[in-house]
Amino acid sequence: EAYPNPFNPVAEMKLALSDNGHTSIKVFNLMGQEIETIHDGFMNAGYHQISWNAENVPSGVYVVKVVQDNNMTSQKVMLMK
């Protein structure tokens, strides 16, 4: 869950993980190109708050994708400058 959405230039994302494990949080544009890796490593189960500072990214719609083992979720976010 990203807040605020639309945002400028920082989006806060609340993340609830049910298991410990390797977790990847990446941002993609609508053409599927990876824009940025927010996190790529081990995360414990529980609640986390992650920030994405998109100061150097142009305005537009992006997809934040979270992958942990066999679980995946994504959310569209809109950056408005």
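Structure: above.
Residues take numbers from 1 onward in each chain, read along the sequence in its written order. Restriction of local features to residues with pLDDT of at least 70 applies here, the model being predicted, together with a cutoff of 80 or more for giving and counting side-chain atom pairs; totals for whole chains, interfaces and linings are based on all residues. The side-chain numbers reported here are obtained from all heavy atoms of the structure, hydrogens and water having been left aside.

Below, the discussion takes up the pairing of strand 7 (residues 71–79). By the convention used here, strands pair only if DSSP detects at least 2 bridges between them. Secondary structure counts use DSSP, requiring at least four H or I residues in a row for a helix and at least two E residues in a row for a strand, with both numbered from the N terminus. When strand 6 (residues 60–68) meets strand 7, the two strands line up antiparallel, connected through nine bridges. By the bridge assignment, valine 66 is partnered in strand 7 with threonine 73. In this structure, the hairpin formed by strand 6 and strand 7 is closed by a connection of two residues, where aspartate 69 is found at a positive phi of approximately 55 degrees.

Next up on the list: the packing of aromatic side chains. By convention, a stacked pair of Phe, Tyr or Trp rings (six-membered ring in the case of Trp) has centres within 6.5 Å and planes under 30 degrees apart, an edge-to-face pair has planes over 60 apart, and any other such pair is tilted. In this structure the tally under the stated criterion is two aromatic pairs. Ring geometry for phenylalanine 7 against tryptophan 52: centres 5.5 Å apart, planes inclined by 55 degrees, an arrangement best described as tilted. In this pair, phenylalanine 7 is assigned in the loop between strand 1 (2–3) and strand 2 (10–17) and tryptophan 52 in strand 5 (residues 46–53), connecting sequence segments 45 residues apart. Exposure class is identical for phenylalanine 7 and tryptophan 52. Each is buried. When accessible area is computed with a 1.4 Å probe and restricted to protein chains, residues below 20% of their type maximum are described as buried, those above 50% as exposed, and intermediate ones as partly exposed.

Burial analysis of strand 3 (residues 21–29) places seven of its nine residues in the buried class, the great majority of the element. As paired strands, strand 3 and strand 4 (residues 34–43) are joined by eight bridges and run antiparallel to one another. Note that in strand 4 the partner of serine 24 across the bridge is aspartate 40. Connecting strand 3 to the next strand, strand 4, in antiparallel fashion are four residues, including glycine 32 with a positive phi near 90 degrees.

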